[in-house]
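# What the coordinates show
Residues per chain, in single letters:
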Amino acid sequence: MDSKGNNISEPSLSQYFANDPPSFFDEIAANKASVNESATEGTNAVATNYQNQGTCIKATAGPNPLQSNFANITSQSTPNTGTIGNLTSHTFSGGFKPPEYIENPGELEEDLKVPDQVRNFWEPPHTEPGVPPLLTMPGIQIANDLPDLIAAAVLEHLGNQELCLRKILNADSVTQDERGLRSLIAAGCYRAAVNLTGRLLTIYGQGYGRAGQPSKHSPHSLQLWFTRLTLLAKLGEYELLQQEAEPFELLNRSDVYYEFYSEMYPDKTGSIASFSFRLLLAELPIYLGNPQLALDRLSELYVICNEIKQYYNERQPPEAQEFWKKRELRVLHAIVNCALIMKKFNLIDDILRSMIFDRSDLSKEERRALFSAWGRIYLQIGDIFGAEQKFAEARRLRKIYSQPDLRDLVDKGLITVAKNDFPEAYATFQKALHLESGNTMILNNMGVCLLYAGKLKDAINLFERAINLNPQKSLNESLLVNLSTLYELESNHSKNKKLNLLRLINRYKPDLNISLEICLKLQAIN
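Fair warning: this is a prediction, and the values are worked out from it, not measured in the lab.

### Topic: the overall build of the protein
Assigned secondary structure in the protein consists of 24 helices and 0 strands. In the protein, which comprises 526 residues, the proportion classed as buried is 58%. When contacts within the protein are restricted to residue pairs at least 6 apart in sequence, long-range pairs at least 24 apart make up 69% of them. Split by element, the accessible area of the protein, about 21700 Å² in all, is 49% carbon and sulfur.

Structure below.
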């Protein structure tokens, strides 16, 4: 594939929660999918660079009919299948998609059926006799709690009277244990959850000022660290994330394996840390500006997964090979995601072709989702004909005589946007909205089409109506960025309308994944 014309958005990490091993973290997002949805849906019709505060509205393919400050977040949502990752979500835009490890109940059920020795299977590093092993010695890097940035903005722009209307959980208002952490994450209070992990890790001797000091690791302490790091990633706290992740390297030191604690765990072997922790650390360089290093790490992780899968080829239990095959697929999806950042489209082509045609165990729906994702990637580089071919393959895998579903309609809408037929695209997304009322991804797409068609006030009315009908769901980052930009396009006096949005955020949103300066453009208002 040719990369000409591509403009893939920079990373904006979203949700990282462990898929395995099962623990108290596993059920958090599964029980609160509807809560998280508002923070994880965006539009497919545009892409932007948030780190550079993108200023160009962009269709997935074809020339840009408008130049403006219209911005967006690359879309995300929970996948429809248990073995396939973000790549096959019906909201995948074809560009880089922030990884999301929200627990899938189906995957959790599969994990529970796998013995610990299969789940934790990982070869510990070799140590020379008589040579002290290198230890993993992490520690909290900040002395104080993360502040409530929304509260600070409300106090600055609206005053203390408005701030008194903010009623959210904090680290002091929940029990100081796993149950309290679960409550904070389920409520979307991610900064408060980070603060509570700091308190809990201090109990393990890994709090502030303890980095570089020896301490024992356990499944619980490492899962606390994984959760803390994933929350920092979700919140975009990359500098702190890098500092606190550094001591773990790639989890390749002896003291993160059960064999190191033979007296404490006499019957256990393998990795204490979860596989998702390893995947997060492998992907981390993407978000720190070094995708090539991430690709190297992911490639190494893929080789290890493949070797373990082959090891279980003729060994018991029979489900072990399938379990590691799923992990292998997760790494492949991460490699595709990384390759999108690097514009390595030939590599993406090879991987997707292999996944679709060389795997006999994929269901029709999984193949269909991969063809759809493949088509959307073609749209990103402006190959409308190639995209139409992939979408046609996806349609052929749909159930016979079935009506177009959400995936079909989004595919059709994106093709229509690429052809600059915005009224038709709007009508297509409107049909999709009938299938999933209130879906903010679809609403965002409809707003983009209205703007492209020159109907600025209609686009504003659409977004405002969505927020009024369901503020908790519709006040997501992508819609806020878009609506704030529309206010600026509409008038030089957008301040009051943006402050009204800030009032709603104050009352309905515990946290945002991106800053208010970007969401509401508060620094740029007149």
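### Considering the UniProt feature "repeat: TPR" (unreviewed entry) in the protein
The UniProt record annotates "repeat: TPR" (unreviewed entry) at residues 440–473. Helix makes up 88% of residues 440–473 and strand makes up 0%, while its end C-alpha atoms are separated by 8 Å.

### Points about helix α16 (residues 384–396)
Residues spaced three or four apart along an α-helix face the same direction, because each turn holds 3.6 residues. The terminal C-alpha atoms of α16, which comprises 13 residues, lie 18 Å apart, in line with the 18 Å expected from a rise of 1.5 Å per residue. Those residues of α16 not exposed but buried are Gly386, Ala387, Lys390, Phe391, Ala392 and Ala394. Those residues of α16 hidden inside the fold are in contact with α15 (364–380) and α17 (406–418).

### With respect to unusual backbone geometry
Of note, the amide linkage connecting Gln316 to Pro317 takes the cis form, showing an omega dihedral of -5°. Along the chain, Pro317 falls in the loop between α12 (291–311) and α13 (319–342). Of note, the phi angle at Lys343 is positive, near 60°, even though the residue is not glycine. Summarising the element assignment, Lys343 is placed in the loop between α13 and α14 (345–357). Look at Lys343 and you get partly exposed, because its relative accessible area is 40%.

### Some details on the confidence of the model for the protein
One rule of thumb: low pLDDT means the predicted coordinates there are not for detailed reading. Averaged over every residue, the pLDDT of the protein is 81; the share at 70 or more is 80%. The low-confidence segment residues 2–85 (pLDDT under 50) makes 301 contacts with residues lying over four places distant or belonging to another chain. Below a pLDDT of 50 lies the segment residues 101–109, which in the model reaches 30 contacts outside its immediate sequence neighbourhood of four places, other chains included.

### Some points on the packing of aromatic side chains
The relative placement of two aromatic rings is captured by the distance of their centres and the angle of their planes. Tallied over the full model, the rule gives 18 aromatic pairs. With centroids separated by 6.0 Å and ring planes inclined at 75°, the aromatic side chains of Phe357 and Phe371 adopt a geometry described as edge-to-face. Of this pair, Phe357 sits in helix α14 while Phe371 sits in helix α15, and the two are 14 residues apart along the sequence. Here a set of aromatic residues connected by ring pairs shows up, and it is made of Trp122, Phe275, Phe323 and Trp324. One cation-aromatic arrangement involves Arg327 over Trp324; the distance from NZ or CZ to the ring centre is 4.5 Å. Sitting over the ring of Trp374, Lys390 keeps its end group 3.8 Å from the ring centre.

### Some thoughts on the nonpolar core
Among the nonpolar cores identified, the biggest contains 141 residues, and Phe277, Trp324, Leu516 and Leu520 are the most heavily contacted of them. In terms of residue count, α13 provides more of this core than any other element does, 13 residues in total. Among the domains, domain 1 (137–250) and domain 2 (269–361) are the pair contributing at least three residues each to this core.

### Brief notes about the environment of Asn444
With respect to the helices and strands, Asn444 occurs in helix α19 (residues 440–452). Between the C-alpha atoms of Asn444 and Leu483, which are 39 residues apart in sequence, the distance is 9.5 Å. Polar contacts involving the side chain of Asn444 include one to the side chain of Asn482, which spans 2.9 Å.

### What to know about the pattern of salt bridges
For the coordinates displayed, the defined rule picks out 27 salt bridges. Residue Glu488 is joined to Lys498 by a salt bridge in which the shortest nitrogen-to-oxygen separation is 2.5 Å. In this pair, Glu488 is assigned in helix α22 (residues 477–490) and Lys498 in helix α23 (residues 495–508), connecting sequence segments 10 residues apart. The residues Glu488 and Lys498 share a single accessibility class, namely buried. What emerges from the salt-bridge pattern is a single network uniting Lys309, Glu322, Lys325, Glu328, Arg359 and Asp361.

### Regarding helix α11 (residues 275–287)
Helix length check: α11, at 13 residues, gives a terminal C-alpha distance of 19 Å against a target of 18 Å (1.5 Å per residue), a fit within 8%. At Leu281, α11 shows its largest kink, close to 30°, and the proline Pro285 lies no more than four residues downstream. Most of α11 sits out of view: 13 of its 13 residues are buried. The first or second residue beyond α11 is Gly289, which carries a positive phi of 85°.

### Describing the packing of helix α5 (residues 149–157) against α23
Their axes nearest at 10 Å, the elements α5 and α23 cross at an angle of 140°. In terms of their interaxial angle, α5 and α23 are classed as oblique. α5 and α23 meet at a crossing whose hand is left-handed. Contacts from Ile150, Ala153, Val154 and His157 of α5 reach α23 at Leu499, Leu502, Ile505 and Asn506.

Rules of the game
- Along each chain, numbering runs from 1 in the same order as the chain's sequence is written.
- Predicted model: local features are reported for residues with pLDDT of at least 70 only, side-chain atom pairs are reported and counted for 80 or more only, and whole-chain, interface and lining totals are derived from all residues.
- Side-chain figures throughout are based on the complete set of non-hydrogen atoms in the structure, without hydrogens or water.
- Counting from the N terminus, the helices are DSSP H or I runs at least four residues long and the strands are E runs at least two residues long.
- Here's how the labels work: a residue is buried when its accessible area is under 20% of the maximum for its type, exposed when over 50%, partly exposed in between, all with a 1.4 Å probe on protein chains only.
- In what follows, residue pairs with any heavy atoms lying within 4.5 Å of each other are defined as contacts.
- Here the accessible surface of atoms and residues is derived via Shrake-Rupley with a 1.4 Å probe, and residues count as covered only by protein chains that are part of the display.
- UniProt positions are given in the numbering used here, feature names are shortened, and annotations may be inferred rather than shown by experiment.
- Helix span, as expected, comes to 1.5 Å for every residue beyond the first.
- Per residue, pLDDT captures the predictor's confidence, and it can take any value from 0 to 100.
- Between the rings of Phe, Tyr and Trp (Trp by its six-membered ring), a pair exists once the centres lie within 6.5 Å; its type follows the angle of the planes, with under 30 degrees stacked, over 60 edge-to-face, and the other angles tilted.
- Whether a charge sits over a ring depends on NZ of Lys or CZ of Arg being within 6 Å of the ring centre and within 35 degrees of the ring normal.
- Here the nonpolar core consists of buried residues drawn from Ala, Val, Leu, Ile, Met, Phe, Trp, Tyr and Cys, with membership extended through side-chain atoms lying within 4.5 Å.
- Domains are outlined according to an automatic or database domain assignment.
- Polar contacts here mean pairs of N or O atoms no more than 3.5 Å apart (in protein, one a potential hydrogen donor and the other a potential acceptor; neighbouring residues in sequence count only if both atoms are side-chain atoms).
- A pair is scored as a salt bridge if a Lys or Arg side-chain nitrogen falls within 4 Å of a carboxyl oxygen belonging to Asp or Glu.
- Bend at a given residue is defined as the angle between two axes, one fitted to the seven residues that end at that position and one fitted to the seven that begin there.
- Lines are fitted to the C-alpha atoms to define the axes, a helix being fitted only along its stretch in contact, and any angle between axes, read from their N-to-C directions, falls within 0 to 180 degrees.
- An angle counts as roughly parallel when it lies under 35 degrees, as roughly antiparallel when it exceeds 145, as roughly perpendicular when it falls between 65 and 115, and as oblique in every other case.
- Helix crossings get a hand from a simple test, with the near helix turned counterclockwise from the far one by less than a right angle marking a left-handed crossing and a clockwise turn marking a right-handed one.

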